[in-house]
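What follows is the residue order along each chain.
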Amino acid sequence: MEVEVEEKEVSLLDLLVVVAENLKLLILGPVLVGLLAIGYALPQSLTSQAILALPAPIAPQAAAMMVSPLVLDPVIQMQNLSKGQSIQGARAELASQIKAAVGKDGLLRLDVTADTPIHA
């Protein structure tokens, strides 16, 4: 009883077949890792949200007041947000981070976006 043993060699054609079968993984894997790395490298911004239930006639006025100097100036002084610029420049920068709007439900939604949780 004689057992025939076949010797298997790995040829270039066999390697090409394996690469062709796994081409999607070979391309998508590094692309996904690269996208994740870019996501962590980009600066992140945080948004703080507040929802206020105010009487209907007052809500639009309150939304407008949220970006007025009456509200912005004390925040700029307390948080030291002027960073050497004029008060008008600091107001404009802070106002661009604030979104105040009255929804269809009559609630005032206030969103503030900043780079740090303290400033948001």
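Structure's up top.
None of the values given here were measured: they were computed from a predicted structure.

Estimates place the volume of the largest pocket at around 210 Å³. Surrounding the largest pocket, Gln79, Leu81, Lys83, Gln85, Ala90, Glu93, Leu94, Gln97, Ala114, Asp115, Thr116 and His119 form its lining. Here the lining of the largest pocket gets three residues from one element, more than from any other, and that element is helix α5 (residues 87–96). Considering only residue class, the lining of the largest pocket consists of four nonpolar, five polar and three charged. There is about 180 Å³ of room inside the second largest pocket. Taken together, 13 residues make up the lining of the second largest pocket; nearest its centre are Val75, Leu94, Ile98, Val112 and His119. Those elements giving two or more residues to the lining of the second largest pocket turn out to be α4 (69–79) and β3 (107–114). Broken down by element, the lining of the second largest pocket gets its largest block of residues, five residues, from α4. Its residues assigned to classes, the lining of the second largest pocket shows eleven nonpolar, two polar and no charged.

Calculation criteria
Residues numbered from 1 in each chain as written. Predicted model: local features only at pLDDT ≥ 70, side-chain atom pairs only at ≥ 80, totals over all residues. Heavy atoms only, no water. 1 Å grid on protein atoms, 1.4 Å probe; cavity = no way out; pocket = protein on both sides within 12 Å on 5 of 7 lines; lining within 4 Å. Points joined across faces, edges and corners; volume = space filled by probe spheres on them. Helix = DSSP H or I, 4+ residues; strand = E, 2+ residues; numbered from the N terminus. Nonpolar A, V, L, I, M, F, W, Y, C, P; charged D, E, K, R; others polar.

Any functional reading would require information beyond the geometric quantities listed.
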